[in-house]
Amino acid sequence: MAGMPQLREHGWLYGPGDPWAPLAVVRLFEHRDGSGRWQVRLSVNGPQDGEEPSQVVDYADEASARAELARLYAQGEADGQWRIRQPDGY
């Protein structure tokens, strides 16, 4: 949908303790307003209903946003295992 940021990838970090409680969630969005911008949203201690992400950072292009995503994935691997998903059709 034009204008609305579109979810392109999300990862849930699970630790060795509770396999149902994520330690962190990271989401990658593409802005669909013609700007070419991308956004990474990180929620530490898992997402809470109605809670804003811990960090939201905009990037000028997909490559920069994906580089940050890769950094977050690598950093999180020290604490647990990521479950990474991409919406169908992307």
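Anything mentioned here points back to the structure above.
Attention in this report is confined to the structure presented alongside it. (Residues numbered from 1 in each chain as written. Predicted model: local features only at pLDDT ≥ 70, side-chain atom pairs only at ≥ 80, totals over all residues. Heavy atoms only, no water.)

### Some details on the pattern of salt bridges
Piece 1. Evaluation of the coordinates by the stated rule reveals seven salt bridges.
Piece 2. Of the charged contacts, one joins Arg66 and Glu9 as a salt bridge, the two residues approaching to 2.9 Å between their closest N and O atoms. Taken together, the residues span a long stretch of sequence, with Arg66 in helix α1 (residues 62-76) and Glu9 in strand β1 (residues 6-14) at a distance of 57 residues.
Piece 3. Overall, Glu9 belongs to the buried group, its relative accessible area being 6%.
Piece 4. Taking the shortest distance from any N to any O, the salt bridge between Glu68 and Arg71 comes out at 2.8 Å. With a gap of three residues between them, Glu68 and Arg71 both fall in helix α1, about one helical turn apart.
Piece 5. Residue class for Glu68 comes out buried when judged on its relative accessible area of 18%.
Piece 6. Of the residues examined, Arg71 reaches a relative accessible area of 43% and is grouped as partly exposed.
Piece 7. Within the structure, one salt-bridge network assembled from shared partners comprises Arg8, Glu30 and Arg32. (Salt bridge = Lys/Arg side-chain N within 4 Å of Asp/Glu carboxyl O. Helix = DSSP H or I, 4+ residues; strand = E, 2+ residues; numbered from the N terminus. Buried < 20%, exposed > 50% of the residue type's maximum accessible area, 1.4 Å probe, protein only.)

### Remarks on the sheet that holds β1
Piece 1. Ordered in space as β4-β3-β2-β1-β5, the five strands form an open sheet in which the pairing is antiparallel. Both outer strands of the open sheet, β4 (55-59) and β5 (81-85), are each paired with one neighbouring strand and no more. Shown here is a sheet whose adjacent strand axes are inclined to one another by a mean of 15 degrees, direction ignored.
Piece 2. Of the strand pairs in this sheet, strand β2 (residues 22-30) and strand β3 (residues 38-44) are connected by seven bridges, and their pairing is antiparallel. (Pairing = 2+ DSSP bridges. Axes fitted to C-alpha atoms, helices over the stretch in contact; angles between N-to-C directions.)

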